Amino acid sequence: EEEEEEEAAAAGHLAGAPEAEQRSEVDSDSDQETEGSHGPGELVKDTLYLRSCQAHRVVPASCFLRQGSAPELNLRHRGLGPQGARALAFALNSNPYVKRLDLGDNGLCGAGAEALAGALSKSSSICDVDLSENQLGAVGAQAVCAALMVNPTMQKIQLAGNGLDEQAAPYLAELLLAHTGLKALDLSHNQLNDQAGEMLGPALAENTGLTELNINWNHLRGPGAVAFARALEANIFLRVLDISYNGFGDPGASAVGEALKTNNVLEELNMSNNRISAVGALSLGLGLRVNQTLRILVMSRNPMRGEGCFGVLKSVRDNPGSALELLDFSVRAFHKSHL
């Protein structure tokens, strides 16, 4: 009864609707979400969240109340906005249960990211965060990267579709250099260009810990693509790399080929839709002649023609130590047994 009274009181102060109507809506929602056995810790968590929502004048997200002690909190597509992020950040500070936090597509913007930064920097339980499609921009990237750098618990972060460009690149590069516990990073569907590539490449070369990087659907081309590809020569941790839907072209493919000559850790590489011609494919093949760790190579939808495809296949065939199991040229996949 006490919990219901607190929830009703919090709901009654929400802006934008008559008091009685708000109390009715939130009471019924809260009754459903808090039914059953709740431990003392969960009741405290819910109460803090409701009070925080009241203070920030936002409607509580029922998913948070329903979460209980579950390790995953999914608030995707909830329209939280910056104010909702502020209310949530306060509650997360006292939530020891969440390990994976999904806030994708909530219009957080830079202000929302700044509000969440404190909670992300202090949490000892959250290790996987999805902030994709939130219009974070450089301001949000700076706040998130600064928070993650002081939290060794974080292992996976998704920043796809956030309008990140060369202005955000310095913060991302600093994160790659400083965070040794981060295992997976998603920067896909952003606007990282050749200038960003020139900053991210050296940082990736020195990174220790990252095993999976997705940077597809960006604008890496020219010198930036070459600088990024050269990072693979020095990097000794990355196992999965997706650089598809960029503009690496023949110079970038050649740089990747050179890196594959010395790289002995990369296992999966996606280079589809990168404007690689037969010339670039043949240059890439020079690395495939000696590489012994790459298992999966995707080169679909590149203008390589038959000459480029045949050159890559021949390079793999001539390498007795090749670990390649799958080659994807878009039309069909070639298994090693077909060579």
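See above for the structure.
Note that the coordinates shown come from a computational prediction; the quantities given were computed from them, not determined experimentally. (Residues numbered from 1 in each chain as written. Predicted model: local features only at pLDDT ≥ 70, side-chain atom pairs only at ≥ 80, totals over all residues. Heavy atoms only, no water.)

### Section: the environment of Gly287
Thinking step 1. Its location among the elements puts Gly287 in helix H12 (residues 278-288).
Thinking step 2. Linking Gly287 and Glu258, residues 29 residues apart in sequence, is a C-alpha distance of 5.7 Å.
Thinking step 3. Residues contacting Gly287, with those up to four places away along its chain left out, are Gly257, Leu260 and Lys261. (Helix = DSSP H or I, 4+ residues; strand = E, 2+ residues; numbered from the N terminus. Contact = heavy atoms within 4.5 Å.)

### Looking at the packing of helix H8 (residues 169-178) against helix H9 (residues 194-206)
Thinking step 1. Close contact between H8 and H9 brings their axes to 8 Å; oriented N to C, the two are set at 5°. As the angle between them shows, H8 and H9 are arranged roughly parallel. The residues of H9 that touch H8, namely those facing Ala169, Pro170, Leu172, Ala173, Leu176 and Leu177, are Ala196, Met199, Leu200, Ala203, Leu204 and Glu206.
Thinking step 2. Considering only residue class, the contact of H8 with H9 consists of eleven nonpolar, no polar and one charged. (Axes fitted to C-alpha atoms, helices over the stretch in contact; angles between N-to-C directions. Parallel < 35°, antiparallel > 145°, perpendicular 65-115°, else oblique. Nonpolar A, V, L, I, M, F, W, Y, C, P; charged D, E, K, R; others polar.)

### A word on the environment of Asp318
Thinking step 1. You can see Asp318 is positioned in the loop between helix H13 (305-317) and strand E10 (326-328).
Thinking step 2. Linking Asp318 and Arg289, residues 29 residues apart in sequence, is a C-alpha distance of 6.4 Å.
Thinking step 3. Separated by 3.5 Å, the side chains of Asp318 and Arg289 make a polar contact. (Polar contact = N/O pair within 3.5 Å; in protein donor to acceptor, adjacent residues only side chain to side chain.)

### A look at the packing of helix H5 (residues 81-92) against helix H6 (residues 109-122)
Thinking step 1. Contact geometry for H5 and H6: axes closest at 8 Å, N-to-C directions at 0°. Judged by the inter-axis angle, H5 sits roughly parallel to H6. In contact with Pro82, Ala85, Arg86, Leu88, Ala89 and Leu92 of H5, H6 contributes Ala111, Gly112, Ala115, Leu116 and Ala119.
Thinking step 2. Split into classes, the residues belonging to the contact of H5 with H6 amount to nine nonpolar, one polar and one charged.

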